[in-house]
Amino acid sequence: MEIGIGLPTTIPGAGGDELLAWAKRGEDLGFSSLGVLDRLMYDSYEPLITLAAAAGATSRIRLTTSILIAAYRGDQAVLAKQLASLHRLSGGRLVVSVAAGPREDDYEACGTPFHRRGRRLDDLLGELRRLWAGTASPGLVPGPSCVNGGPPLIVGGHSEAAMRRAATYGDGWIAGGSSASGYDALAQRARTAWQAAGRTGEPRMLAIAYVALGADAREAAGRYLTEYYAFAGPKADMAVRSMLTDERQLREFADGYEASGCDELILIPCVTDVGQADRIAKAVWG
């Protein structure tokens, strides 16, 4: 199983220099991907612009939206061009993980109907595939052209519709940071949906988890996650409880996900100290 690392883009007050330091350190330490979360109505960085900056600061590590709330973005052609541009500029390192997202205010701010987000996401993913493959309607291929059909598409979510969406449009499925306790069962549902859709081979299975190693980081990280998930009520407590806070716990957690068939686990930091990257690397690889 590969291990990726997140950038602290949703921690209020994180500096641009800190994000680039994380990106460079993540690549130097051998992590597989840099992951970014997506929130619109929050004190956070826009994920695609952040990954563009990270692309310029690195040369090998993959760049993963984990996840992108793609359906609130209004113009499919513009988003397709943004993603294709980032993929080309980074030398083909982009992985696009998407989900519908649970926050109504992100959609309201864009004038996008929240209750239609699943249908919009279905339409968007189908259009991205057509645009990147060059099979959209004549005159509607915004470019730049993408080899091999564009960046990989990974779809997240726990509902039956999300599992179907991953099997229909995606190259795999990703679990969110609050689904740690049920990953094995969720992953099996994703594989079952894949088979039911008549897909061959195996879906690529990803997951994210929140990490803050050490007693000095735990309290600040708990405050951050409580605020970040405040909109979700009890889910905020669940996210805090699932946060990985010591090296042994992280190693056992990673081993469990690997045993469940996870192909890549992206560890999202809950504090901005780039020294956490070294602690995480030591915990997972020794």
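Residues numbered from 1 in each chain as written. Predicted model: local features only at pLDDT ≥ 70, side-chain atom pairs only at ≥ 80, totals over all residues. Heavy atoms only, no water.

### As for the environment of G16
- Tracing the backbone shows G16 in helix α1 (residues 16–29).
- Separated by 34 residues in the primary sequence, G16 and T50 place their C-alpha atoms 8.8 Å from one another. (Helix = DSSP H or I, 4+ residues; strand = E, 2+ residues; numbered from the N terminus.)

### What to know about the packing of α1 against helix α2 (residues 47–57)
- Running from N to C, α1 and α2 cross one another at 50°; their axes reach a closest spacing of 9 Å. By the criterion of interaxial angle, the relationship of α1 to α2 is oblique. Like other packed secondary-structure pairs, α1 and α2 cross with a definite hand, here right-handed. For the pair α1 and α2, the contacting residues are L19, L20, A23 and K24 in the first and T50, A53, A54 and A57 in the second.
- Here the residues of the contact of α1 with α2 sort into 6 nonpolar, 1 polar and 1 charged. (Axes fitted to C-alpha atoms, helices over the stretch in contact; angles between N-to-C directions. Parallel < 35°, antiparallel > 145°, perpendicular 65-115°, else oblique. Left-handed = near helix turned anticlockwise from the far one by under 90°. Contact = heavy atoms within 4.5 Å. Nonpolar A, V, L, I, M, F, W, Y, C, P; charged D, E, K, R; others polar.)

### Quick word on the pairing of strand β4 (residues 94–98)
- With 5 of 5 residues buried, β4 lies mostly within the body of the structure.
- Sheet topology places strand β3 (residues 62–68) next to β4; 4 bridges connect them, and they run parallel. When the bridges of β4 are listed, T65 appears paired with V96.
- In this fold, β3 hands off to helix α3 (residues 76–89), which returns the chain to β4; that crossover is right-handed.
- Note: β4 against strand β5 (residues 153–156), 3 bridges, orientation parallel. Residue pairing in the sheet places V98 in a bridge with V155 of β5. (Buried < 20%, exposed > 50% of the residue type's maximum accessible area, 1.4 Å probe, protein only. Pairing = 2+ DSSP bridges. Right-handed = clockwise from strand over helix to strand, strands pointing away.)

### Examining the side chain of T9
- Mapped onto the elements of the fold, T9 is located in the loop between β1 (2–6) and α1.
- Residues in contact with T9, not counting those within four places in the same chain, are L19, V36, L37, S44, Y45 and T50.

### Regarding the nonpolar core
- Grouped together as the largest cluster of nonpolar side chains are 92 residues, with contacts concentrated most on L83, W132, W173, Y183, Y210, L265 and L267.
- Among the elements that take part in this core, strand β7 (residues 204–211) stands out by supplying 7 residues, more than any other.
- Residues in contact with L83, not counting those within four places in the same chain, are L48, L68, L94, V96, L128 and W132. (Core = buried A, V, L, I, M, F, W, Y, C linked by side-chain atoms within 4.5 Å.)

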